[in-house]
Amino acid sequence: MKRLTIGAALAALLGSAAWAEDVTLQLKWVTQAQFAGYYVAKDKGFYDEEGLNVTILPGGPDVAPTQVMAGGGADVMVDWMPSALAAREKGLPIVNIAQPFKSSGMQLTCLKESGITTPADFKGKTLGVWFGGNEYPFLNWMGKLGLKTDGSPEGVTVLKQGFNVDPLLQKQAACISTMTYNEYGQVLDAGITPDQLVNFNYTDEGVATLEDGLWVMQDKLADPAFDEKMVKFVRASMKGWKWAEENPDDAAMIVLDNDDTGAQTEAHQKFMMGEIAKLTAGSNGTLDEADYQRTVDALMSGGSDAVITKAPEGAWTHQVTDKALQ
């Protein structure tokens, strides 16, 4: 049974006579600590305090947040900036209204026995890559390295990686995509020790792009009522994120309470929340212009593998976060 906190109970009591505004949030992936701030905000009554009735829709391998948004299935979505900007260039007018994640957790994790010690050693190797929008930072990186992704001897062979670490464990690939807060922990749980691995963090390599941000349909912000609803949503969500940073183990347990699949474990969610807190640290929800420009520059580089062909205009706004911080 999900726990009902005192705060949530009080907020529900005080707001029972008021009409709550519905908000539907589409997550990028399944219920896990990557999204702890939203589950905390709901569990602790932060959304109730703002007069919001928030429905959180888990994602998964068959769920594309941009498609859900395009179809009107969500008011707001969590997505990485590369896939969001790629969708925007293709005609979906979405805009970033908040950026809870300040840092990137994406990396390539390689078996040391493969002989890879630097990015120059990628040539001729098989690398596991996530698709569905997650491939864009990788393609940009390979473009900057001058490595083709067509399997040629002077390039790399791309293995379309499922959302697991099997290709590394079964030695089908020299390196696989991992997140510091998720798959890297799975590799360690499988019995491989850190000294058997070499990690290439996208941030350290200068090719990191912004990850989990909040996006809405741009035209909806012209409606003052929707704009104000998003202000309330961002304010409560960031309150949830800061609480999760300060109480990582408790936040992990709240996530577990909301995992209807029963697939998550306490140990892994606590590990994940500890790593996630490092990525949200320093963010008050405002999208930093320098971080945004770095992401755009990265996505436009890489020659034929460039993710976007021109600088997007109007892809982010502070109108929501500025009001939320008042």
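Right above here is the structure, for reference.
Just so it is clear, the structure is predicted and the values come from calculations on it, not from any experiment. For every chain, the first residue of the written sequence is number 1, and numbering continues from 1 onward in sequence order. Note on the predicted model: pLDDT of at least 70 is required for a residue's local features to be given, and 80 or more for side-chain atom pairs to be given and counted; whole-chain, interface and lining totals, by contrast, use all residues. Note that the side-chain values use all heavy atoms of the structure and ignore hydrogens as well as water.

Caption draft 1: Highlighting the sheet that holds strand β4 (residues 94-98). Read across the sheet, five strands follow the order β2-β1-β3-β10-β4 without closing on themselves; strand pairing throughout is mixed. The open sheet terminates on both sides in strands that have one partner only, identified here as β2 (52-57) and β4. Neighbour-to-neighbour, the strand axes of this sheet turn through a mean angle of 30°, independent of strand direction. Bridge count between β4 and strand β10 (residues 213-217): four bridges; the pairing is antiparallel. Bridge assignment links Val95 to a residue of β10, and that residue is Val216. Contacts: residue pairs with any heavy atoms within 4.5 Å of one another. All axes here are fitted lines through C-alpha atoms, helices being fitted over the stretch that makes contact, and every angle between N-to-C directions spans 0 to 180 degrees. Only DSSP runs of H or I with at least four residues qualify as helices, and only runs of E with at least two residues qualify as strands; both kinds are numbered from the N terminus onward. The sheet strands contacting helix α2 (residues 36-43) are β1 (21-26), β2, β3 (76-79) and β10, and the helix crosses β2 at an angle near 145°. Here, a strand pair is defined by DSSP locating no fewer than two bridges between the strands.

Caption draft 2: Region of the structure containing the state of the cysteines. When two cysteine sulfur atoms lie within 2.5 Å, the pair is treated as a disulfide. One pass over the structure, following the stated rule, counts one disulfide. Between the sulfur atoms of Cys110 and its disulfide partner Cys175 the distance amounts to 2.1 Å. When the S-S torsion is 105°, as for the bridge of Cys110 with Cys175, the disulfide is right-handed. Here Cys110, found in strand β5 (residues 106-111), pairs with Cys175, found in strand β8 (residues 175-179); they are 65 residues apart in sequence, far enough to count as distant. Residue Cys110 is classed as buried on the basis of its relative accessible area of 0%. Burial here depends on accessible area, computed with a 1.4 Å probe over protein chains only, as a share of the maximum for the residue type. Under 20% is buried, over 50% is exposed, and the range in between is partly exposed.

Caption draft 3: Focus on the side chain of Asn96. For Asn96, the location among the structural elements is in strand β4. We define a polar contact as two N or O atoms separated by no more than 3.5 Å, with the added condition that, inside protein, one atom must be a possible hydrogen donor and the other a possible acceptor, whereas residues neighbouring each other in sequence contribute only through side-chain atom pairs. Looking at Asn96, its side chain comes within polar contact range of the side chain of Gln99, at 3.0 Å.

Caption draft 4: Layout of the layout of surface pockets. We place a 1 Å grid over just the protein atoms. Points where a 1.4 Å probe fits but has no way out form a cavity, open points with protein on both sides within 12 Å along at least 5 of 7 lines form a pocket, and any residue with an atom within 4 Å of a point lines it. Grid points are joined across faces, edges and corners, and a volume is the space filled by probe spheres set on the points. The volume enclosed by the second largest pocket comes to roughly 280 Å³. Taken together, 13 residues line the second largest pocket, and the ones lying closest to its centre are Thr31, Tyr39, Pro58, Asn258 and Asp260.

Caption draft 5: Expanded view of the nonpolar core. Side-chain atoms within 4.5 Å are what join buried Ala, Val, Leu, Ile, Met, Phe, Trp, Tyr and Cys residues into a set we call a nonpolar core. Tyr38, Ile97, Phe122, Leu214, Phe233 and Met273 are the most contacted members of the largest nonpolar core, which totals 70 residues. Ranked by residue count, the leading element in this core is helix α9 (residues 224-246), at ten residues. With residues up to four places along the chain from it excluded, the contact list for Ile97 reads Val76, Leu214, Val216, Leu221, Met230, Val234, Thr317, Val320 and Thr321. Counting residues in each nonpolar core, the second largest holds 20 residues, with Leu85, Ala86, Trp215 and Leu299 among its members.

Caption draft 6: Seen up close, α2. The buried fraction of α2 is high, at seven of eight residues. Of all the residues in α2, the buried ones are Ala36, Gly37, Tyr38, Tyr39, Val40, Ala41 and Asp43.

Caption draft 7: Molecular detail of the environment of Ile94. Along the chain, the position of Ile94 falls in strand β4. A relative accessible area of 0% means that Ile94 is categorised as buried. For Ile94, the contacting residues outside a window of four places in its chain are Thr66, Met69, Met77, Ala84, Ala87, Arg88, Trp215, Val216, Met217, Gln218 and Ala315.

Caption draft 8: Focus on the packing of helix α5 (residues 81-89) against helix α12 (residues 289-300). Two elements in contact, α5 and α12, have axes whose closest approach is 11 Å; the angle formed by their N-to-C orientations is 65°. Between α5 and α12, the interaxial angle falls into the category roughly perpendicular. Every pair of crossing elements has a handedness; the one defined by α5 and α12 is right-handed. Along the contact surface, α5 presents Met81, Pro82 and Leu85, while α12 presents Tyr292, Thr295, Val296 and Leu299. A breakdown of the residues in the contact of α5 with α12 according to their chemical character gives six nonpolar, one polar and no charged. When describing relative orientation, an angle under 35 degrees is termed roughly parallel and one over 145 degrees roughly antiparallel, while 65 to 115 degrees is termed roughly perpendicular and anything else oblique. For a crossing to be left-handed, the near helix must be turned anticlockwise from the far one by less than a right angle; the clockwise case is right-handed. Classification convention: Asp, Glu, Lys, Arg as charged; Ala, Val, Leu, Ile, Met, Phe, Trp, Tyr, Cys, Pro as nonpolar; all other residues, Gly among them, as polar.

Caption draft 9: Structural view of the packing of α2 against α9. Put simply, α2 and α9 touch, their axes get as near as 7 Å, and they point 105° apart. Overall, the two elements α2 and α9 adopt an arrangement that is roughly perpendicular. For the pair α2 and α9, contact is made by Ala36, Gly37, Tyr38, Val40 and Ala41 and by Phe233, Ala236, Ser237, Gly240, Trp241, Trp243 and Ala244, respectively. In the contact of α2 with α9, the residues fall into nine nonpolar, three polar and no charged.

Caption draft 10: Expanded view of the packing of aromatic side chains. Any two of the Phe, Tyr and Trp rings considered here, Trp counted by its six-membered ring, make a pair once their centres fall within 6.5 Å; the pair's planes then place it as stacked at under 30 degrees, edge-to-face at over 60, or tilted in between. Within the structure shown, the criterion is met by ten aromatic pairs. Ring centres of Tyr38 and Trp241 lie 5.6 Å apart, and the angle between their planes is 85°; this geometry places the pair in the edge-to-face category. Within this pair, whereas Tyr38 is found in helix α2, its partner Trp241 is found in helix α9, the two being separated by 203 residues in sequence. According to the relative accessible area criterion, Tyr38 is buried, its value standing at 1%. The exposure class of Trp241 is buried, given its relative accessible area of 0%. Here Phe122 and Trp141 contribute two aromatic rings whose centre-to-centre distance is 5.5 Å and whose plane-to-plane angle is 85°, an arrangement assigned as edge-to-face. Highlighted residues: Phe122 in the loop between β5 and β6 (126-129) and Trp141 in helix α6 (residues 136-145), separated in sequence by 19 residues. Site record: aromatic cluster; members linked through ring pairs are Tyr38, Tyr47, Phe101, Phe233 and Trp241. Positioned above the aromatic ring of Trp80, the side-chain terminus of Lys28 is 5.0 Å from the ring centre. For a lysine, the NZ atom is tested; for an arginine, the CZ atom; a charge sits over a ring if that atom is within 6 Å of the ring centre and within 35 degrees of the ring normal. Positioned over the ring face of Phe131 is Lys160, at 5.7 Å from the centre of the ring.

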